[in-house]
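Residue-level listing of the chains:
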Amino acid sequence: MSVKAFELVPAVERALLMGDKARINIECLECCGKNLYVGTNDCFIYHFLLEKKTTSKEKLTFSVQKQQHKYLGLKKPVNELKAASALNRLIVLCDNMIMLVNMLNLDPVQSGAKIKGVVTFTVNENPVNGDPFCVELGVISTKRRTIQIYMVYEDRVQIVKELSTPEQPSAVSLDGYFLCLALTTQYIIVNYSTGASQDLFPFDTEEKKPIVKRIGREEFLLAGPGGLGMFATAEGISQRAPVHWSENVTGAAICFPYVVALDEGFITVHSMLDQQLKQILPFKDGHILQDFEGKVILATMKEVYMLVPLPLERQVQDLLASQRVEEAIVLAEGVQRNIPKEKFLVMYRRILQQAGFIQFGQLQFLEAKDNFRKGQLDVRELISLYPLLLPSTSTFTRSHPPLHEFADLNHLAQGDQEKITKCKRFLISYLKEIRSTEVANGYKEDVDTALLKLYAEANHESLLDLLVSENFCLLVDSAPWLEKHKKYFALGLLYHCNGQDDAAVQLWVRIVKGELQDTTQPDLYEYVVDFLSFCSSQELIWKYADWALQKNQKVGVQIFTRRPVDKEKGGKLNPDDIIKYLHKYPQAVTQYLEHLVLDRKIQEEQFHTHLAVLYLDEVLQLRSQSDQHSEELNTARAKLRSLLQQSCLYRVQLLLGKIKDTDLNLECAILYGKLEEHDKALHILVHQLKDFQAAEDYCSWNSEGRDLSYRQRLFHMLLALYMDPAAANDTLEMAAVDLLNNHAEVFDAVRVLRLVPGNWSIQLLCPFLRGAMRESMHSKRMSQVALGLAKSENAIYKHEKLKYKGLINLSEKKGCQLCHNTFSEPEFVCYPNGILVHIHCAAKRNRDSASKQHFTNPKNHT
């Protein structure tokens, strides 16, 4: 493939250069700014002024004005010209001699600054000398195998280095301290400062013309074997792949990012970025190819041409137009360093966006997405390709000039439904990925609305995920679209997102009733109940509570039981109002009371009593309707007993009045227990129900949390029932034995032994006696432990008290600081400063005014 990177434009025509002199040939060229210098074979230098112009047809031309010409008087061809603009000098090689001439009038410098014996020379474009008014030259001398380094000033020249080479050099290029040389059989790089050299690769300069071209800092381009253009750094390595030239290349030039080469009949243009051939221009009789400050100039023997690069953007657009995306991006990235940063970013982003749309049209979605993200594409550009996806309120207009050639998705797919489907899947994935990133900032409504429409159309499972999370879908556009695709449940979610809960619930109720068909949410009735339980609108709750309860009391009551407590505390729903409302729904009111009493642990008598009465009514109703031993009745009685046992808030007398005339003896016993009428309760359990285990359990749970004396009283009361002589029988005696053996630790052993008949054997009461002894010993030992701990605590307290008071040493040798007599008794007064005095002396301390200052706040010690 080729790209038009350059145009060949005539610059100096034959007639302007030589008139009717047919024997004049062009030998060399130099260009500095608008100044073009031409050296000829008859020892003349011509000076032209070049002006770039554009015709009315956008065609580029050059206006050339001849300034003057000068004969050097040596009757030899002018071999090379180099401009030194800082010196206002032209460096001329003619007849193996370098001379300096004035750039303006072409007069030779009168000082006679010359270098003789020169084969060819090169200018150091990366000079090591810091003097701006000095030019460094690398010279191949006529002296065999010699290279010389010169400093050229305005009116003089100075040699600074001379070094020998292993073979005769024929071409040279200089960068800093590095000389790149073409020798007879090879290329080498020499550091003229250190003398170190590096062989590059072999090349026979006698068979082919060598090319040594500096292309950048410490990097050179060389004509290699096999028609290769080889790149080499000063370290002797290649960081770029070679370009493939023809075998007959005679010259090369650099116009970044291109390498231009000249052979017998063509000009070839290769990219330095990917080393590919980009353009071929026919050019016969080519003699010279050189680049000057970004300008590429060619010449035949008779005429001069300019190779003008096309604007980069045009080159990139040509590549994009031919769908050569990668080449366009590589070209744009390669010239980044030559373009101001802000301008480059604007251009580069647009190129990436265009590339993305080309790849999108080719269904290369991963590559397209990558370029859209890198190019910071306005996502609406992509959405606008899909008919009806942008909101009707959107004011978006596509970029101009356009980023692509597609009118819309139908135009792109040309009726291919599979292609349309793939494109829609891509847009779903792309929008889903970018909706929470900076890419969507400012366009969240457009993105989410488009995504909702795509989800609904494709029956995508993520539609509900979108609507239950934070979203910016526009109601005015999204609602008709969801209704069109029969997504009524999703439409309800959309209404909820927009604060229209009444409309949402109304829609869902219609689905539950079968008025609308939508199977998206199979358990929609439960969902509506759950939604209402978290709803903050009291009006909405009461509006649909009847519907929910009529459909299913057990589920419908969850509107109230699953409601967060903090919402009720806000004053919206009062439990008393709810209970009053639920009176016509027996199952629901029971569940709600269970929620208040058992789950929320509300300590209010009315709720506990109400729930207990409902439980009792249910038990009585079941006893009158079903078998006395049915599972349902047993479950109901178990619930009633559990509440009666655990709660202490219900009205016991009310319930007892309802139970007395029934055979609910166990429940009746529990109620007597709540009234502390334990004798009645135990009498029922022992003599009426004959349920000895229940009697033991009764004593256990009634004494739970009470002191030992209360617990003993209950168990002794039960034991007394068992041992009552009036009702004595073997069954009760065995129950008494079991009671004693199972709860030995509770009983007062002395009282028990006094009560036990003398005919009971020790073996019969062995477990009780062991337990009683163990409990007695345990109590004694625990008392001893408690006493020991108390003594230890007392010792610690005394120790702390002594530490607080401090220790005072008193002996017979110490005397009172007031009377100076010794202490005969361990009674004294100690002042804060440590002075000890008698008690009677301290009482007289006010007599001495000095002692008032010296002794204060005494403490008595004995």
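In what follows, the accompanying structure is described. (Residues numbered from 1 in each chain as written. Predicted model: local features only at pLDDT ≥ 70, side-chain atom pairs only at ≥ 80, totals over all residues. Heavy atoms only, no water.)

Observations concerning the overall build of the protein
Along the protein, the regular secondary structure elements total 32 helices and 31 strands. Expected size for 862 residues packed as a compact globule is a radius of gyration near 29 Å; at 56 Å, the protein overshoots this value by more than 25%. In terms of principal-axis extent, the alpha carbons of the protein reach across some 160 × 110 × 65 Å. Expressed as a percentage of the 862 residues in the protein, the buried residues total 46%. Across the protein, contacts joining residues at least 24 apart in sequence account for 48% of those joining residues at least 6 apart. Of the roughly 44,900 Å² of accessible surface on the protein, 49% is carried by carbon and sulfur atoms. In the protein, 100 positive and 105 negative side-chain charges are present, and the distance between their average locations comes to 5 Å. (Helix = DSSP H or I, 4+ residues; strand = E, 2+ residues; numbered from the N terminus. Rg over C-alpha atoms; globule rule 2.2 N^0.38 Å. Buried < 20%, exposed > 50% of the residue type's maximum accessible area, 1.4 Å probe, protein only. Contact = heavy atoms within 4.5 Å. Areas by Shrake-Rupley, 256 points an atom, 1.4 Å probe, with all protein chains shown as cover. Lys, Arg positive; Asp, Glu negative; His and termini not counted. Charge placed at Lys NZ, Arg CZ, Asp CG, Glu CD.)

Quick look at the nonpolar core
The biggest cluster of nonpolar side chains holds 145 residues, and the ones touching the most others in it are F360, L382, L431, W508, F560 and L582. Setting aside residues up to four positions removed in sequence, W508 forms contacts with Y488, F489, G492, L493, L524, Y527, V528 and F531. Core analysis: the second largest hydrophobic core is formed by 35 residues, L262, V316, L320 and Y348 among them. (Core = buried A, V, L, I, M, F, W, Y, C linked by side-chain atoms within 4.5 Å.)

Side note on empty space enclosed by the protein
Rolled over the atoms, a probe as big as a water molecule pinpoints where empty space is left. Enumeration according to the criterion identifies two cavities of 30 Å³ or more in this entry. Considered as a void within the structure, the largest cavity measures approximately 80 Å³ in volume. Lining the largest cavity we find F203, K208, K209, A223, G224, G227, L228, W245, S246, E247 and V249. Its residues assigned to classes, the lining of the largest cavity comprises five nonpolar, three polar and three charged. If you add up the space inside the second largest cavity, you get close to 60 Å³. (1 Å grid on protein atoms, 1.4 Å probe; cavity = no way out; pocket = protein on both sides within 12 Å on 5 of 7 lines; lining within 4 Å. Points joined across faces, edges and corners; volume = space filled by probe spheres on them. Nonpolar A, V, L, I, M, F, W, Y, C, P; charged D, E, K, R; others polar.)

Details of the packing of aromatic side chains
All chains considered together, the criterion is met by 28 aromatic pairs. The structure contains a cluster of three or more aromatic residues connected by ring pairs, namely F357, F360, F365, F372, F426 and Y430. Sitting over the ring of W481, K484 keeps its end group 5.0 Å from the ring centre. Above the face of the Y525 ring, K551 is positioned so that its terminal group lies 5.6 Å from the ring centre. (Phe/Tyr/Trp six-rings, centres within 6.5 Å; stacked < 30°, edge-to-face > 60°. Lys NZ or Arg CZ within 6 Å of the ring centre and 35° of its normal.)

Describing the packing of helix α12 (residues 488-497) against helix α13 (residues 501-513)
One can describe the packing of α12 onto α13 by two numbers: an axis separation of 7 Å at closest approach and a directional angle of 165 degrees. The angle between the axes of α12 and α13 places the two elements in the roughly antiparallel class. The way α12 lies across α13 gives a crossing that is left-handed. On α13, the residues that touch Y488, F489, L491, G492, L493, Y495 and H496 of α12 are D501, A503, A504, L507, W508 and I511. (Axes fitted to C-alpha atoms, helices over the stretch in contact; angles between N-to-C directions. Parallel < 35°, antiparallel > 145°, perpendicular 65-115°, else oblique. Left-handed = near helix turned anticlockwise from the far one by under 90°.)

Description of unusual backbone geometry
Cis geometry is found at the peptide bond from F256 to P257, where omega equals 10 degrees. Checked against the element boundaries, P257 lands in the loop between β22 (251-255) and β23 (258-262). A cis amide bond links H400 with the next residue in sequence, P401, at an omega value of 0 degrees. One can find P401 in the loop between α6 (379-383) and α7 (409-413).

Quick notes on the environment of V304
Tracing the backbone shows V304 in strand β28 (residues 304-309). Relative accessible area serves as the criterion here: at 1%, V304 is assigned to the buried category. When the C-alpha positions of V304 and D448 are compared, they lie 62 Å apart, and in sequence the two are 144 residues distant. Not counting residues within four places of it along the chain, the set of residues in contact with V304 comprises P10, A11, V12, I26, L29, L36, V38, I297, L298 and A299.

Quick look at the pattern of salt bridges
Overall, the coordinates contain 31 salt bridges when judged by the stated rule. For the salt bridge of K34 with E51, the shortest nitrogen-to-oxygen distance reads 3.3 Å. Residue K34 is located in the loop between β2 (26-32) and β3 (35-40), and its partner E51 is located in strand β4 (residues 44-54); the two are separated by 17 residues in the primary sequence. Looking at K34, the relative accessible area reads 47%, which means it is partly exposed. Linked through salt bridges whose partners overlap, the residues forming this network are D274, K278, R324 and E327. (Salt bridge = Lys/Arg side-chain N within 4 Å of Asp/Glu carboxyl O.)

Regarding a nonpolar patch on the surface
On the surface, F266, L277 and I280 cluster together into a nonpolar patch covering about 270 Å² of accessible area. Within the element layout of this structure, F266 appears in strand β24 (residues 266-271). (Patch = residues over 30% accessible without salt bridge, like charges linked within 9 Å, V, L, I, M, F, W, Y side chains within 5 Å.)

A few points about the pairing of strand β11 (residues 135-141)
Among the seven residues in β11, seven count as buried, and that is most of the element. By the alternation rule, side chains of β11 split into V135, L137, V139 and S141 and E136, G138 and I140, which are all buried. Of the strand pairs in this sheet, strand β10 (residues 118-123) and β11 are connected by five bridges, and their pairing is antiparallel. Residue pairing for β11: T120 is matched across the bridge by I140. What sits between β11 and strand β12 (residues 146-152) in their antiparallel hairpin is a turn of four residues, with R145 showing a positive phi close to 55 degrees. (Pairing = 2+ DSSP bridges.)

Things to note about the sheet that holds strand β14 (residues 171-175)
Read across the open sheet, the four strands follow the order β14-β15-β16-β17; overall the sheet is antiparallel. Pairing within the sheet leaves two strands with one partner each, and these edge strands are β14 and β17 (197-202). If you compare each strand with its neighbour and ignore which way they point, the axes differ by 15 degrees on average.

Description of helix α20 (residues 586-599)
Between its first and last C-alpha atoms α20 spans 19 Å; for 14 residues at 1.5 Å apiece the expected length is 20 Å, and the two agree. Buried within α20 are the following residues: A588, V589, T590, Y592, L593, E594, H595, L596 and V597. One or two residues past the end of α20 sits K601, with phi positive at roughly 55 degrees. (Expected span 1.5 Å × (residues − 1).)

Quick word on the sheet that holds β2
Spatially, four strands are ordered β2-β3-β4-β5 in an open sheet, and the strand pairing comes out antiparallel. A strand with exactly one partner marks an edge of an open sheet, and here the two such strands are β2 and β5 (60-71). Sheet twist, expressed as the mean angle between neighbouring strand axes with direction ignored, is 25 degrees. Sheet analysis places β3 next to β4, joined by five bridges and oriented antiparallel. Looking at the pairing, L36 lines up with F48 of β4.

With respect to the packing of helix α22 (residues 631-646) against helix α24 (residues 665-674)
Interhelical geometry of α22 versus α24 gives an angle of 10 degrees and a closest axis separation of 10 Å. Considering their axes alone, α22 and α24 lie roughly parallel with respect to each other. In contact with R637, L640, R641, L644 and Q645 of α22, α24 contributes L666, E667, I670, L671 and K674. A breakdown of the residues in the contact of α22 with α24 according to their chemical character gives five nonpolar, one polar and four charged.

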